[in-house]
Amino acid sequence: MALADNSKIVILGTGGTVAGTSTKVGDNIGYSAAQVGVAQLLGAIEALPAALRGRELLTEQVDQVDSKDMSFGLWQRLAARCAHWLADASVQGIVITHGTDTLEETAWFLQSVLQPGKPVVLTCAMRPATALAPDGPQNILDAVAVALDPGAQGVVAVCAGVVHSARDVRKDHPYRLDAFGSGDSGPLGFVEENSVRWVNHVRKDDLSLEKWPQPAIENIVKSGSWPRVEIVMNYAGASGTTVDLLVRDGVQGLVAACTGNGSLHQDLEAALIRAQAAGVKVVRATRCAQGRVLPKPGDLIGDSNGLSPVKARVAMILALLGAQTARTA
Ligand code: SIN
């Protein structure tokens, strides 16, 4: 086996506001995401060669999308490219430029599927490349600092100088530059002048996630039929109608974005229990921005082990894909 020489950093471009442009200089909201190629984007960051500290930079444009349009197909290609580069002993780490809107879902998908020992750092921007003060260049420099840091491991997200774990990262502001938080777990660390100050550890339950064997990853990457999992939310006056329609339509999994500590309107709960009895996988997550559902004896629907509704959906898709993989192996 080739010895690790850590001589390369790979930056994969997928689009987002970080690569966005506007026709009106300084327009921070009326722009088009995913316009500038990753090589051009990086070429404009004068401080990047110094930040790479002698590492060779490899870049790939994996896609060019506004991340609200994230697809399973792109996740498959991204996982495949990450797996390829992670297996290269000369690669120290990977940075992925990504839109902010679904970054947390991609982070959890990649962490769950790849469980990388090396750092895979997602970064982004809240202002397009044509803004008067774009935040993308500094975020990319900070992401490179994390990818080079010996304490970095697994999939993390970096935005506005803050490092978040894949499990806890969550976009919680639609406009501010520091748009992401880690809820009540707190961030993993901070990037200050190209160096990382770690203040927290990656949670043990993330490190003990079951590592997908290589053939399973290959199946995930190739599978043309991903299970259909939808999210239904509890709110005042909720009913079971959507759930009943989804079950009739062949949904395979449902995540309930519950109020408070996993509570559900009685009509919605009844529909979910019917769905579960009919063989649909059902799980409860809280729609609260912080905390988690605390399970109690007698719960009829399981909880998401602290995952937010969107990440619980990713976990359920992967669990169903895993079951499919096992059946077809
Ligand atoms: C996107 O998610 O691709 C657009 C929004 C953003 O990056 O802030």
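It should be emphasised that the depicted structure is a prediction, and the values quoted were computed from it without experimental measurement.

(A) A look at the overall build of the chain. The secondary structure content of the chain amounts to ten helices and 13 strands. For the chain, whose C-alpha radius of gyration is 20 Å, the value lies close to the compact-globule estimate of 20 Å for 329 residues. Based on the C-alpha atoms only, the size of the chain along its principal axes is roughly 60 × 50 × 35 Å. For the chain, the residues scored as buried account for 51% of the 329 residues in total. The contacts in the chain between residues at least 6 apart in sequence include a share of 72% that link residues at least 24 apart. Looking at the chain as shown, the accessible area adds up to about 14700 Å², and 54% of this sits on carbon and sulfur atoms.

(B) Fine view of the sheet that holds strand β12 (residues 253–258). Strand order in this open sheet of three strands is β11-β12-β13, and the pairing throughout is parallel. Strand pairing shows two members of the sheet lacking a second neighbour, β11 (229–233) and β13 (281–286), which therefore form its edges. Between one strand axis and the next, the sheet turns by 25° as a mean value, whatever way the strands run. Bridge count for β11 against β12 is five bridges, and the pairing is parallel.

(C) Just the nonpolar core, in detail. Of all hydrophobic cores here, the largest spans 49 residues; its most connected members are L12, C82, I94, I96, F109 and L110. Other than its neighbours up to four places away in sequence, I96 contacts L12, T14, L78, C82, L110, V120, V121, L122 and T123. Counting residues in hydrophobic clusters, the runner-up holds 30 residues, among them L52, I140, A145 and V163.

(D) Structural detail: the site of the ligand. All residues in the neighbourhood of the ligand are listed as G16, T17, D66, S67, G99, T100, D101 and A125. Within the contact set of the ligand, an oxygen atom lies 2.9 Å away from a side-chain nitrogen or oxygen of T17. Within the backbone of A125, one N or O atom sits 3.4 Å away from an oxygen atom of the ligand. When grouped by side-chain class, the residues that make up the shell around the ligand number one nonpolar, five polar and two charged.

(E) Spatial organisation of the domain arrangement of the chain. As far as domains go, the chain holds domain 1 (8–207) and domain 2 (227–328). When each unit is reduced to the centre of its C-alpha atoms, the spacing between domain 1 and domain 2 is 29 Å. Listed as interface residues are 17 residues of domain 1 and, on the opposing side, 18 residues of domain 2. For the pair domain 1 and domain 2, the summed buried surface comes to about 1300 Å²; carbon and sulfur atoms form 56% of the total. Contact with domain 2 buries area across many residues of domain 1, yet W108, R167 and R170 alone supply 39% of it, more than any other trio. At the boundary of domain 1 with domain 2, the tally comes to zero salt bridges. Taken together, the links from domain 1 to domain 2 amount to six residue pairs in polar contact (both at pLDDT 80 or more). Contributions of two or more residues to the side of domain 1 that touches domain 2 are made by α3 (72–86) and α4 (103–114). No other element matches the six residues that α4 contributes to the side of domain 1 that touches domain 2.

(F) The packing of α3 against α4, seen in detail. Close contact between α3 and α4 brings their axes to 11 Å; oriented N to C, the two are set at 50°. Classed by the angle they form, the pair α3 and α4 counts as oblique. The chirality of how α3 crosses α4 is right-handed. Contacts from W75, L78, A79, C82, A83 and L86 of α3 reach α4 at E105, T106, F109, L110 and L114.

(G) Broad picture of α3. In this model α3 runs 21 Å from its N-terminal to its C-terminal C-alpha over 15 residues, within 8% of the 21 Å that 1.5 Å per residue would give. Of all the positions in α3, only L74, W75, Q76, L78, A79, C82, W85 and L86 are classed as buried.

(H) Representation of the state of the cysteines. As enumerated under the stated definition, the model contains zero disulfides in all. The thiol of C124 is unpaired, and the distance to the nearest cysteine sulfur, on C159, comes to 3.8 Å. Judged by its relative accessible area of 1%, C124 falls in the buried class. The structure places no disulfide on C288, whose sulfur is separated from the nearest cysteine sulfur, that of C258, by 9.8 Å. By relative accessible area, C288 is classed as partly exposed at 34%.

(I) Spotlight on the pattern of salt bridges. In total, this model carries eleven salt bridges according to the counting rule given. The salt bridge partner of D178 is R176, with a shortest N-O separation of 3.0 Å. Relative accessible area serves as the criterion here: at 38%, D178 is assigned to the partly exposed category. Looking at R176, the relative accessible area reads 39%, which means it is partly exposed. For R228, the salt bridge is made with D249, and the minimal N-O distance between the two is 2.8 Å. A residue pair is termed long-range when its members are at least 10 positions apart, and R228 in the loop between α7 (214–222) and β11 and D249 in the loop between α8 (241–248) and β12 qualify at 21 residues. On the basis of relative accessibility, which here comes to 28%, the residue R228 falls in the partly exposed class. With a relative accessible area of 53%, D249 lands in the exposed category. What you see here is one network of salt bridges that share partners, running through R228, E230 and D249.

Parameters and conventions
Residues numbered from 1 in each chain as written. Predicted model: local features only at pLDDT ≥ 70, side-chain atom pairs only at ≥ 80, totals over all residues. Heavy atoms only, no water. Helix = DSSP H or I, 4+ residues; strand = E, 2+ residues; numbered from the N terminus. Rg over C-alpha atoms; globule rule 2.2 N^0.38 Å. Buried < 20%, exposed > 50% of the residue type's maximum accessible area, 1.4 Å probe, protein only. Contact = heavy atoms within 4.5 Å. Areas by Shrake-Rupley, 256 points an atom, 1.4 Å probe, with all protein chains shown as cover. Pairing = 2+ DSSP bridges. Axes fitted to C-alpha atoms, helices over the stretch in contact; angles between N-to-C directions. Core = buried A, V, L, I, M, F, W, Y, C linked by side-chain atoms within 4.5 Å. Near = heavy atom within 4 Å. Polar contact = N/O pair within 3.5 Å; in protein donor to acceptor, adjacent residues only side chain to side chain. Nonpolar A, V, L, I, M, F, W, Y, C, P; charged D, E, K, R; others polar. Domains from an automatic or database assignment. Buried area = accessible area lost by both parts, 1.4 Å probe. Salt bridge = Lys/Arg side-chain N within 4 Å of Asp/Glu carboxyl O. Parallel < 35°, antiparallel > 145°, perpendicular 65-115°, else oblique. Left-handed = near helix turned anticlockwise from the far one by under 90°. Expected span 1.5 Å × (residues − 1). Disulfide = S-S within 2.5 Å.

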